[in-house]
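Below are the chains, spelled out letter by letter.
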Amino acid sequence: MNNPKMKPALIGGAVFGVLATLPYIQYINAVCCALYIGGGVLAVYLYLKEAPRAEKTPYGDGAVVGALAGLFGAVATTLATIVLRLLGVGEEEAAQALAAVEQSGVELPQFVLDMMGTSGLGVGMVFSTFVMAIILYGIFATIGGLLGAAIFHRKEQN
Amino acid sequence: MVRARRQREGARAAARFAAEPAHASRGTSVLSLACLCALALVVAPPLLGAAGWPYADALRWLLHSVCHQLPERSFHLLGEPLAVCHRCTGLYLGFALGVAAWPLLPALSARLAARPRCIVLFAVPLAIDWLIGNSAGSRFATGMVAAFPVGLLPLLALNQHGSRRLPPDHPDYKQGASQQ
């Protein structure tokens, strides 16, 4: 943890990664991916709070911290999804998704159904959750990191 | 004094945009390509569904965690809703247009780069639109307005990254190093 970017990224990613899996709270993501972007913003806020003032806005650092928050967020999301599924949370949604697929008359292959979690907690579901989280969380948390750098950057006093 | 400093910073940013496209051009190309891929993912499900591809809904499902995807709040193509709602379509399109357009607007981008917090102001119409009554057009338009300036931020990050990689004999080498 010597890298000053790691701790803020871990906190920002973990907090919002877990929030993104919780029932009802996860729907905040429907508002412009707010949770994913928020993870990057929080991580950069924490990073810049400890960083020395700089003349130039550190967009590069913001992007890196945001991307790291996305990586940690994806891991947190996957772990939280596994825990919630083991506790039985989310099974109703999976059943609804399966019913919707059946109702539409489309015959999806088994691997797609596994990805959607309709077959319960399996390797396919865990893997697809992680891959999707790492792509989506990575992109939106990086944008959040850039936004955080723009908003929370403290200018050097001349 | 602060204003003069901001103007100097803005002029420097504009000069970097104009004089150093090569440093960030590869990154900008990758970024533009990624934006096009995201837009393609948005419009692909109805197009592929119309073409009879059976997994179009699975493609739509990929974006389910970042958008509510309500059909009544989404644009339709060939009778099928796009993969994201009006507002998200505006956000994605606005961001992609921003990435494409900001390098062509050096003076404006320099002004915004000197006052990056102003980017938040562009999200105010979206927030107002979300809080009060809205229509498909207003959701799309406010989404575009909010995301367009955000497209500048990755370009600025790429520009800083390019400045770091300048050779020591480059006239902007010290400038690039002092920015960090």
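Explanation requested: the overall build of chain A in the structure shown.
In terms of helices and strands, chain A carries 6 helices and 0 strands. For chain A, the α and β elements follow one another from N to C terminus as α-α-α-α-α-α. For chain A, buried positions account for 48% of its 158 residues. Within chain A, contacts between residues at least 6 apart in sequence are counted, and of these 76% link residues at least 24 apart. Of the roughly 7700 Å² of accessible surface on chain A, a fraction of 67% belongs to carbon and sulfur atoms.

Is there a simple way to explain the packing of helix H2 (residues 34–50) of chain A against helix H6 (residues 123–152) of chain A in this structure?
Two packed helices can be described by the angle between their axes and the distance between those axes. Residues and elements named next belong to chain A. At their nearest, the axes of H2 and H6 sit 6 Å apart, and the two run at 45° to each other. Classified by the angle their axes make, H2 and H6 are oblique. As H2 runs across H6, the sense of the crossing is right-handed. Side by side, H2 and H6 meet where Leu35, Tyr36, Ile37, Gly39, Gly40, Val41, Val44, Tyr45 and Leu48 of the first sit next to Leu136, Tyr137, Phe140, Ala141, Gly144, Gly145, Leu147, Gly148, Ala149 and Phe152 of the second. Of the residues belonging to the contact of H2 with H6, the class tally is 14 nonpolar, 5 polar and no charged.

Any chance you could explain the packing of aromatic side chains here in plain terms?
This model, assessed by the stated rule, comprises 6 aromatic pairs over all chains. For the pair Trp102 of chain B and Phe148 of chain B, a centre-to-centre distance of 5.2 Å together with 40° between the ring planes defines the contact as tilted. Separated by 46 residues along the polypeptide, Trp102 of chain B in the loop between helix H4 (86–101) and helix H5 (106–114) and Phe148 of chain B in the loop between helix H7 (136–147) and helix H8 (152–164) bring together distant segments of the chain. Overall, the relative accessible area of 3% leaves Trp102 of chain B in the buried class. An aromatic cluster of at least three residues, connected via ring pairs, comprises Tyr36, Tyr137 and Phe140 of chain A together with Tyr92 of chain B.

How should I be thinking about H2 of chain A in this particular structure?
Given 3.6 residues to a turn, an α-helix orients residues that are three or four positions apart in the same direction. Residues and elements named next belong to chain A. In this model H2 runs 24 Å from its N-terminal to its C-terminal C-alpha over 17 residues, within 8% of the 24 Å that 1.5 Å per residue would give. Listing the buried residues of H2 in full gives Leu35, Tyr36, Ile37, Gly38, Gly39, Gly40, Ala43, Val44, Leu46, Tyr47 and Leu48. In this fold, the buried residues of H2 make contact with helix H1 (6–19), helix H3 (59–86) and H6.

Help me understand the nonpolar core in this model?
The tendency in soluble globular proteins is for nonpolar side chains to be buried side by side. Counting residues in each nonpolar core, the largest one holds 60 residues, and the members touching the most others are Tyr59 and Phe140 of chain A together with Val66, Tyr92 and Leu153 of chain B. Sort the elements by how many residues they give to this core and H6 of chain A lands first, with 10 residues. Excluding residues that lie within four positions of it along the chain, Tyr59 of chain A makes contacts with Leu146, Ala149 and Ala150 of chain A together with Ala113, Pro116, Leu153, Leu156, Ala157 and Gln160 of chain B.

Please explain the environment of Cys118 of chain B as it appears in this structure.
Along the chain, Cys118 of chain B turns up in the loop between H5 and helix H6 (124–131). Spatially, the C-alpha atoms of Cys118 of chain B and Pro149 of chain B are 9.2 Å apart, while their sequence positions differ by 31 residues.

Just to check I follow, could you spell out unusual backbone geometry for this structure?
Peptide bonds are, in most cases, trans, and in most cases residues other than glycine have a negative phi. Look at Tyr24 of chain A: it is not a glycine, yet its phi comes out positive at around 70°. Residue placement: Tyr24 of chain A occurs in the loop between H1 and H2. Under the relative-accessibility criterion, Tyr24 of chain A is labelled exposed at 69%. One non-glycine residue, Gln69 of chain B, lies in the positive phi region at around 55°. Locating Gln69 of chain B in the fold gives a position in the loop between helix H3 (56–61) and strand E1 (76–77). Judged by its relative accessible area of 17%, Gln69 of chain B is buried.

About the cut-offs
Residues numbered from 1 in each chain as written. Chains lettered and ligands numbered in written order. Predicted model: local features only at pLDDT ≥ 70, side-chain atom pairs only at ≥ 80, totals over all residues. Heavy atoms only, no water. Helix = DSSP H or I, 4+ residues; strand = E, 2+ residues; numbered from the N terminus. Buried < 20%, exposed > 50% of the residue type's maximum accessible area, 1.4 Å probe, protein only. Contact = heavy atoms within 4.5 Å. Areas by Shrake-Rupley, 256 points an atom, 1.4 Å probe, with all protein chains shown as cover. Axes fitted to C-alpha atoms, helices over the stretch in contact; angles between N-to-C directions. Parallel < 35°, antiparallel > 145°, perpendicular 65-115°, else oblique. Left-handed = near helix turned anticlockwise from the far one by under 90°. Nonpolar A, V, L, I, M, F, W, Y, C, P; charged D, E, K, R; others polar. Phe/Tyr/Trp six-rings, centres within 6.5 Å; stacked < 30°, edge-to-face > 60°. Expected span 1.5 Å × (residues − 1). Core = buried A, V, L, I, M, F, W, Y, C linked by side-chain atoms within 4.5 Å.

It is worth stressing that arrangement in space is one thing and function is another; only the former is reported here.
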